[in-house]
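# Observations on the model geometry
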Amino acid sequence: MEHQTPQIEVQPVNKAKVKNFIKVMLYLAAITAIEFAIAFTVPHEHKWIRIIVFIALTIVKAYYIVAEFMHLGHEKKSLKMSIVLPMLFVVFLIFIMIYQGGAILEALANT
């Protein structure tokens, strides 16, 4: 029985992929810096504006992460929609549960 060692071939660095990775990383870092700046500068009286901005920036960051690191950004539109639309439906269901829960609590408090 003969033992064979695997042949390992070192690939040269793909500079375009490294440049794209750094670009996405800088986008994510900039969005995070904006979130931190908003968290520490927006007064507490404007709570809803801060929440809406955080949700919007989180969606943007999630898009970049899924598109680049999970390679969904380079797929066909039909595959993207088959993943994104069910997630939007889940977010819509969560919104309905929160809204209805608040209405039920308010109705119980008024009785």
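To be clear, the structure that these remarks concern was listed above.
A brief look at the structure comes next. Keep in mind the model is a prediction, meaning the values are calculated, not measured.

To continue, consider the pattern of salt bridges. Under the defined criterion, the tally for this structure stands at one salt bridge. As a salt-bridge pair, Glu-35 and Lys-61 come within 3.0 Å of each other at their nearest N and O atoms. Placement of the pair is Glu-35 in helix α1 (residues 15–41) and Lys-61 in helix α2 (residues 47–69), with a sequence separation of 26 residues. Given the relative accessible area of 19%, Lys-61 is considered buried.

For Glu-35, a relative accessible area of 12% puts it in the buried group. If we ignore the near neighbours within four places in the chain, the residues touching Glu-35 are Phe-54, Leu-57, Thr-58 and Lys-61.

Our next topic: the packing of aromatic side chains. A full pass over the atoms with the stated rule returns five aromatic pairs. A ring pair is formed by Tyr-27 and Tyr-64, whose centres lie 5.3 Å apart and whose planes are at 40°; its orientation type is tilted. Of the two residues, Tyr-27 is situated in helix α1 and Tyr-64 in helix α2; the sequence distance between them amounts to 37 residues. On the basis of relative accessible area, Tyr-64 is assigned to the partly exposed category, the value being 24%. Their ring planes at 25° and their centres at 6.3 Å tell us that Phe-36 and Phe-40 sit as a pair that is stacked. Of this pair, Phe-36 and Phe-40 both sit in helix α1, four residues apart, which is roughly one turn of that helix. Taken as a pair, Phe-36 and Phe-40 share a single burial class, namely exposed.

Definitions and limits used
- Within every chain, residues take consecutive numbers counted from 1 along the sequence as written.
- Totals for whole chains, interfaces and linings use every residue, but because this is a predicted model, local features are given only for residues with pLDDT of at least 70 and side-chain atom pairs only at 80 or more, for both listing and counting.
- The side-chain figures draw on all heavy atoms in the structure; neither hydrogens nor water molecules are used.
- We count a salt bridge whenever a side-chain nitrogen from Lys or Arg sits within 4 Å of a carboxyl oxygen from Asp or Glu.
- By definition, any uninterrupted DSSP run of H or I lasting at least four residues is a helix, any uninterrupted run of E lasting at least two residues is a strand, and each is numbered from the N terminus.
- For every residue, the accessible area obtained with a 1.4 Å probe (protein chains only) is divided by the maximum for its type, and the residue is called buried under 20%, exposed over 50%, and partly exposed between those limits.
- Contacts between residues were defined by any pair of non-hydrogen atoms, one from each residue, lying within 4.5 Å.
- Ring pairs are drawn from Phe, Tyr and Trp, using the six-membered ring of Trp, whenever the two centres fall within 6.5 Å, and their geometry is named by plane angle: stacked under 30 degrees, edge-to-face over 60, tilted for the rest.

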